[in-house]
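Summary of the model geometry
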Amino acid sequence: MEQAMTPEEIKEQRPYLDWSLTEHEYNYIADSLLHRLPNYTETGLFAAMWSEHCSYKKSKPVLRLFPNSGPRVLQGPGEGAGVVDIDDGQAVVFKAESHNHPTTVEPYQGAATGVGGILRDIFSMGARPIASLDSLHFGEIKDDATMRYKAEQTVKGVGDYGNCMGIPTIGGETTFDPCYAGNILLNAFSLGIMDQADMKRGNASGVGNAVMYVGAKTGRDGIHGATFASKDFSAEHATQRSAVQVGDPFMEKLLMEACLEVIRQHPYWLVGIQDMGAAGIVSSSAEMASEGKSGMDLNLDLVPQREPGMSAYEIMLSESQERMLLCVEKGHEKDVQQIFAKYELEAVVIGRITAGGQYVLHHDGQIVCDIPVHTLVDDVLEEPSAEKRPVRLSEATPAPVPVVTDALATLKQILQQPTVASARYFTQQYDSQVRTSTVVGPGSDAGVLRVRGTEKGLAMTTDGNGRFVYLDPYVGGIRAVAEAAANIVAAGAEPLAITDCLNYGDPNDPEIFWELHHSVKGMADACRELETPVVSGNVSLYNENNGQAIHPTSMVGMVGLIHDIQRVVTIKAANAGDRVYLLGKIGDDFAGSEVQKMLDGDISGTLSPVDIKEVHAHLKDLLAAEQAGLVNSAHDISEGGLGACLSEVLFGTGLGMDLNFGKMSTAQLFAEPANCFVITVAPENQQEIEQRLGDWAQLAGEVTADGRLKVALSNQELVADVSELETLYEEAIPCLMKSKA
Amino acid sequence: MTTVRIFVTYKPSVFDPQGAAITDAIHTLGHDEVGSVAVGRFFDLSFNDEVTDLDAAIKDVATKLLVNFNMETYHYQVLEAAE
Amino acid sequence: MKIAVIVFPGSNCDVDLYEAFHSVLGADVEYVSHREHSLAGFDAVMLPGGFSYGDYLRCGAIARFANIIPAVRQMAEDGKFVFGTCNGFQILTEMGLLPGALKQNDSMQFVCKTVDLTVVNDQTAFTSRYQKGQTIQLPIAHGDGSYYADLQTIQQLEDHHQVVFRYAGENPNGSLHDIAGICNRQGNVLGMMPHPERAVEVLLGGTDGLPLFQSLLDQQTVRTEAE
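Residues numbered from 1 in each chain as written. Chains lettered and ligands numbered in written order. Predicted model: local features only at pLDDT ≥ 70, side-chain atom pairs only at ≥ 80, totals over all residues.

1. What to know about the sheet that holds strand 11 (residues 189–192) of chain C
Residue and element names in this part refer to chain C. We count it as follows: A pair of strands is labelled paired if DSSP reports no fewer than 2 bridges between them. Only DSSP runs of H or I reaching four residues or more are called helices, and only runs of E reaching two or more are called strands; each is numbered from the N terminus. To obtain an axis, a line is fitted to C-alpha atoms, over the contacting stretch when the element is a helix, and the angle between two such axes runs from 0 to 180 degrees between their N-to-C directions.
Read from one edge to the other, the open sheet built from nine strands follows the order 2-1-3-4-11-10-9-6-7, with strand pairing classed as mixed. Each end of this open sheet is capped by a strand with a single partner; those strands are strand 2 (28–33) and strand 7 (135–142). Averaged over all pairs of adjacent strands, the angle between their axes in this sheet comes to 25°, without regard to strand direction. Here strand 1 (residues 2–7) runs beside strand 2; their pairing, made up of six bridges, is parallel. Bridge pairing in strand 2 places alanine 4 opposite glutamate 30.

See the structure below:
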């Protein structure tokens, strides 16, 4: 049996290489940290804790570029989730997390457990989750029945878990690109709310205090998930594809209610609490002990187990779902057990906090691990990475101008591209209204909730455009943050902070590391200027299939505060006669655009630079105008350009528009510039809005009652029946998903 | 120990959307010889030696819990009889 | 009128029902745990939406074994008011308080959207503030909402005016006779798949669910001999 391997045999046979621990790391652990050879279990724990997934050893130097603090930040990265002050003694807790590899392997369970994991991160901080968003990136579904099946199952997994938990999924994004064909991205975002006084951390301290295990039993599922996520994803690793976990949202619902009851009603019983996520018991317990500067002594025989005969190594590394670890004040163990019993859940004392900082594990009457806590958590060797500017980016090349002859025909075609078309087929499988606080659900720039019992609202969005980052990592990084901010401001909300999922290929490839570095730099610069610090996030590397990396996809989840929910702004035109303004200048911004991909079959060109200072000033002006009640609708220009934007503003309203864009070329109707919006304004506010927004705003025409979109361009006039466009927009994805080809 | 497998299916007159979808998929594979598919599920119950009237016990469990007779029906087979 | 909202393990629209009565209508409403045995002092009981017991086995099938269920049954027998929405409707059919069953949607997908409904019967304790034939809009959010009963049962429902709401226009789940909600013969037990409690505030998109709760609050409370 493998477990029988002696320390000497481990040194000799190097099984740790399969667990993604390098020989250099192993030798460092043995020679410099332990001053002895680690045994089998210890080696396994090091491999898991020193994986990129748990330690960020490769990405850490880059992540330091992010601003993490600000006047509203109560908790930055390093805990389950970030915490941001929203006034009145309340706080929001949010985070996004990728579950790309499991979703690629087993879309339904991968997606479901992705949602389950992020929700535990939220309620482990003491917050009740009140909304989820999902950023999904698939391969092309046209002519690919397998990808359609995967998309269907991914969406079903997200929906079934969130719906059962009773947490509304109020937005997100769904994009399609060949680069994700072998590696789906699932980035799950969740937001919770709490009174600041209820905040809890993953802390274990106080000698003699109990370490309690709650929730589902431990099985052999998901062992090596953390190292799995830190490896290339090629066909030769197909045998590892059994590593996916199975979710039980009902168990999680009970776990959430029980944990929130303990945290909120008995705060003094509880020292700290943490989700058992990647690398299961070892990561949660070691991180909590490290945070509390404590030692810990655990008896693995006490861990509730679903299967007989599990080794210490398996128990510690299992990624069975729906489990939490609690540090409970000595003497209150029974009290905590009683609360959990009310929810028909087991809570078991598996160990105690000790002095001296050793991490000691007992199993079958033997000590199977005895190492300093800090060696697992704090002594991880950061890994310097080589980087090199990708050859394709060696010189700036302007994007070719796509040949668009017929504006209407192209608009119709654009509206049917899966990335642009209505995602309703997917989003209506999510309960977006449970908890009755959803003011704006899926299909807008941002999802909006009211905060019950206050006048406040919360806006939230997830945005990631891999094409932009691929073509220009730095500007693409800026644009990811700017796009999210645009969505938040469009809803009339003040941007507060962001979380992120950084999805990249193999960082050992110097070109990919360069992409990571420069896109993070772009994001960081934008966050600093927009005063939206990064409060949580995660990094997903090795998103490759048979050596083919995805587009570097920096997903930004941003949260904004609406001070008066009655002033929320939607994307929909409201009244005939309202003035229509284009905010911002549209140039030949075709690099990475949907129209480029649609007509050229590929993306190319360098992005136009973005003046983030100017963006910030504009967003402030727009927000102030919205807060003054001057704006009846606002929608930012993104995939599909101005043409898609105008259509979306009109869909479902029965209204039309009569617009003149003067010198704009036909192709520019589909360009995708940064920081551009379409707003509608009541005629009586025309003067004031022009005064406030100045040159940024260009009056284009007005909203009409006739249901027709009329757009005069430099060399042609587009006239469209909005209801006809809407049918195309709504039917595109259902039609593709139900096709048999 | 006796293991009994209880099969629960829709009554014949009830529309079975999963069955219809799977039939379609089978036809896409080229197996036009498959006329229809009925989807159901089964429950394996392990009875210990205390059971006296197995048939009565199965009937009770099925009728009170496993089957909704508004739309479903059931049958069962003994997989592994007590020695 | 004093109203109970039952909380089963896995209920998740309990808050929504509670808040509709409490913050929107200012009514006297309390949560009651599934572990309780009594509903003494309550005039109406609400079975909320959600996924009681994870919807394992069949939606609503396990909830009917909860401690509180005999008390709910007693309320119905006493002529007090019993209302179930979504999972609550599924529980009412599994309990046998309402006929028929809720099957998986024909699309095999969960569906969350706002649908048009026709008020078919405005003579129940829950619909007196609506007009017969009126079209209203309520959200639905379910994966198993396809109403099924054998033809004879359906005919009886129609004959006794027990169909209270019908989907107007598109039928979102394959329900027979477009049935969205039914009541018992006495009219004091109503089950429906749509969520009236999600349509009680303009801010959230509509108020067509309000009259249902207002109708209930208009009712005379029923006193049993024991009280």
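Here the narrative resumes, following the displayed structure.
2. Considerations on the confidence of the model for chain A
Operational definition: The predictor attaches a confidence to each residue, and that confidence, scored 0 to 100, is pLDDT. With C-beta atoms placed from the backbone, a contact is any residue pair whose C-beta atoms sit within 7 Å.
Chain-level statistics for chain A give a pLDDT mean of 94 and a share of 96% at 70 or above. Residue range residues 232–242 of chain A is modelled with pLDDT below 50. Its contacts to residues more than four positions away, or to other chains, number 16 contacts.

3. Examining the interface of chain C and chain B
So the rule is basically this: Under the scheme applied, nonpolar residues are Ala, Val, Leu, Ile, Met, Phe, Trp, Tyr, Cys and Pro; charged residues are Asp, Glu, Lys and Arg; polar residues are all the others, including Gly.
Contacts between the two partners involve 12 residues from chain C and, on the opposite side, nine residues from chain B. A breakdown of the residues in the side of chain C that touches chain B according to their chemical character gives five nonpolar, three polar and four charged.

4. A short note on the sheet that holds strand 25 (residues 677–681) of chain A
All names here are of chain A. Reading across from one edge, 23-25-22-26-24-27-28 is the order of the seven strands in this open sheet, with mixed pairing throughout. Strands with a single pairing partner mark the edges of an open sheet, and in this sheet they are strand 23 (633–636) and strand 28 (717–721). Strand-to-strand twist across the sheet, computed as the mean angle between neighbouring axes with direction ignored, equals 20°. With four bridges joining them, strand 24 (residues 656–660) and strand 27 (residues 708–712) adopt parallel strand pairing. Note on strand 27: the bridge partner recorded for methionine 657 is leucine 709. The sheet strands contacting helix 22 (residues 641–650) are strand 23, strand 24, strand 25 and strand 27, and the helix crosses strand 23 at an angle near 145°.

5. Side note on the interface of chain A and chain C
The partner chain C presents 23 residues to the 23 residues of chain A that form the contact. Elements with a contribution of two residues or more to the side of chain A that touches chain C: helix 8 (145–165), helix 10 (249–265) and strand 14 (438–440) of chain A. Its residues assigned to classes, the side of chain A that touches chain C comprises nine nonpolar, nine polar and five charged.

6. Description of the pairing of strand 1 of chain C
All names here are of chain C. Basically, it comes down to this: As a rule, residues whose C-beta atom has 12 or fewer other C-beta atoms within 10 Å are exposed, those with 20 or more are buried, and those in between are partly exposed; C-beta atoms are placed from the backbone. Orienting the strands away from the viewer, one traces the path from the first strand over the helix to the second; a clockwise path indicates a right-handed crossover.
The buried count for strand 1 comes to five of six residues, which makes it a mostly enclosed element. A crossover connection joins strand 1 to the parallel strand 2 through helix 1 (residues 14–24); in handedness this β-α-β unit is right-handed. Relative to strand 3 (residues 44–47), strand 1 runs parallel, the two sharing three bridges. Counted as the bridge partner of valine 5 is methionine 46 from strand 3.

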